[in-house]
Structures are given as C-alpha cells and as structure tokens.
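Residues per chain are reported as follows:
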Amino acid sequence: MPKRTLWWGIGLSVGGALTILLAPPVLYSIVSAEGEAGQTFYSIVQLVLNIIRQLVLPLGTALIAASLVMFYLGGRSRPDDDRPKRWVLPEPTERGTER
C-alpha cells in the first residue's frame, strides 16, 4: 500500500507540475480569445486549470508524505515485537461482571 500511494503521489505531482507549465502556452496557441464563443471556452478551460493547480499538486505532495509515514510505521512494527498488531475488543461474554 505505501508503494502504491508513493507512485500515485509522484504521478500527481509530476502531472500537476507539467499541467501548470505546459497548459497555458498550449491553451493560448489553440484557443482564439476573439469572439464570444472563444472567450467562453477560454474561461471554462482557465477555471479547470485553476482547480488543477489548486488541488492536484498539493494532493500529490500529501500522498508522498503519507507514504513516507506508512513506510516509517510499517518499519516500526516488526513481527518480532511483543506488542499486538491489532487491538480487538473482548467479546461481551468474556467481560467480567465488575461494573
């Protein structure tokens, strides 16, 4: 799971960075902002690019950080540890009557 999270984080970070760098020049070369239809299309594409700029790159870096935390926590819980790996509540019949 941490490796998959790391690769998704790297992919989103690289994709977000490339989108930020390459999308505006490509958009300006493709879309003619002359006329009402061109301006409307340009505004919609700019809105989508702003959302990508605000969400994708920070999400990618957060996923990279989360994978590092998962690697660290996974390394701390080795099979030779004497502490339990998962906490389970006892069954109601196993509980004592001391309430």
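Trainee: Describe the overall build of the protein chain, listing the residues and the values that go with them.
Mentor: Helix and strand counts for the protein chain come out as 2 helices and 0 strands. Sequence separation of at least 24 residues holds for 68% of the intrachain contacts in the protein chain that already meet a minimum separation of 6. When the accessible surface of the protein chain is summed, it comes to about 8200 Å², and 66% of that surface belongs to carbon and sulfur atoms.

Trainee: Run through the environment of Tyr72, naming residues and quoting values.
Mentor: Residue position: Tyr72 is located in helix 2 (residues 36-76). In sequence terms Tyr72 and Pro2 are 70 residues apart; their C-alpha atoms lie 9.8 Å from each other.

Trainee: I'd like a description of a nonpolar patch on the surface, backed by residues and values.
Mentor: On the surface, Trp7, Ile10, Val14, Leu18, Leu21, Leu22, Val26 and Ile30 cluster together into a nonpolar patch covering about 830 Å² of accessible area. Along the chain, the position of Ile10 falls in helix 1 (residues 2-30).

Trainee: So what about helix 1? Which residues, and what values?
Mentor: For helix 1, which comprises 29 residues, the first-to-last C-alpha distance of 40 Å matches the rise-based estimate of 42 Å (1.5 Å per residue) to within 8%. Leu22 marks where helix 1 bends most, by close to 40 degrees; the proline Pro24 follows one to four residues later. Among all positions in helix 1, only Thr5, Gly9, Ser13, Gly16, Ala23, Pro24 and Leu27 are buried.

Trainee: So what's going on with the environment of Trp8? Residues and values would help.
Mentor: Within the element layout of this structure, Trp8 appears in helix 1. Expressed as a C-alpha distance, the spacing of Trp8 and Gly60, which sit 52 residues apart in the sequence, is 7.1 Å.

Trainee: Lay out the side chain of Thr5 in plain terms, naming residues and giving numbers.
Mentor: With respect to the element layout, Thr5 can be found in helix 1. A polar contact is formed between the side chain of Thr5 and the backbone oxygen of Met1, at a distance of 2.9 Å. Each residue touching Thr5, except ones within four places of it in the same chain, is listed here: Leu63, Ser67 and Met70.

Trainee: Give me the side chain of Ser67: which residues, what numbers.
Mentor: Positionally, Ser67 belongs in helix 2. What makes Ser67 buried here is its relative accessible area of 0%. In this structure Ser67 touches Pro2, Thr5 and Leu6, once residues within four positions along its chain are discounted.

Trainee: Provide a residue-level description of the environment of Ile20, including the pertinent values.
Mentor: Among the structural elements, Ile20 can be located in helix 1. You can call Ile20 partly exposed: its relative accessible area is 30%. When the C-alpha positions of Ile20 and Asn50 are compared, they lie 8.9 Å apart, and in sequence the two are 30 residues distant. With near-sequence residues (within four places) excluded, Ile20 lies in contact with Arg53 and Leu57.

Procedures and definitions
- Residues numbered from 1 in each chain as written.
- Predicted model: local features only at pLDDT ≥ 70, side-chain atom pairs only at ≥ 80, totals over all residues.
- Heavy atoms only, no water.
- Helix = DSSP H or I, 4+ residues; strand = E, 2+ residues; numbered from the N terminus.
- Contact = heavy atoms within 4.5 Å.
- Areas by Shrake-Rupley, 256 points an atom, 1.4 Å probe, with all protein chains shown as cover.
- Patch = residues over 30% accessible without salt bridge, like charges linked within 9 Å, V, L, I, M, F, W, Y side chains within 5 Å.
- Salt bridge = Lys/Arg side-chain N within 4 Å of Asp/Glu carboxyl O.
- Expected span 1.5 Å × (residues − 1).
- Bend = angle between axes of the 7 residues up to and from the residue.
- Buried < 20%, exposed > 50% of the residue type's maximum accessible area, 1.4 Å probe, protein only.
- Polar contact = N/O pair within 3.5 Å; in protein donor to acceptor, adjacent residues only side chain to side chain.

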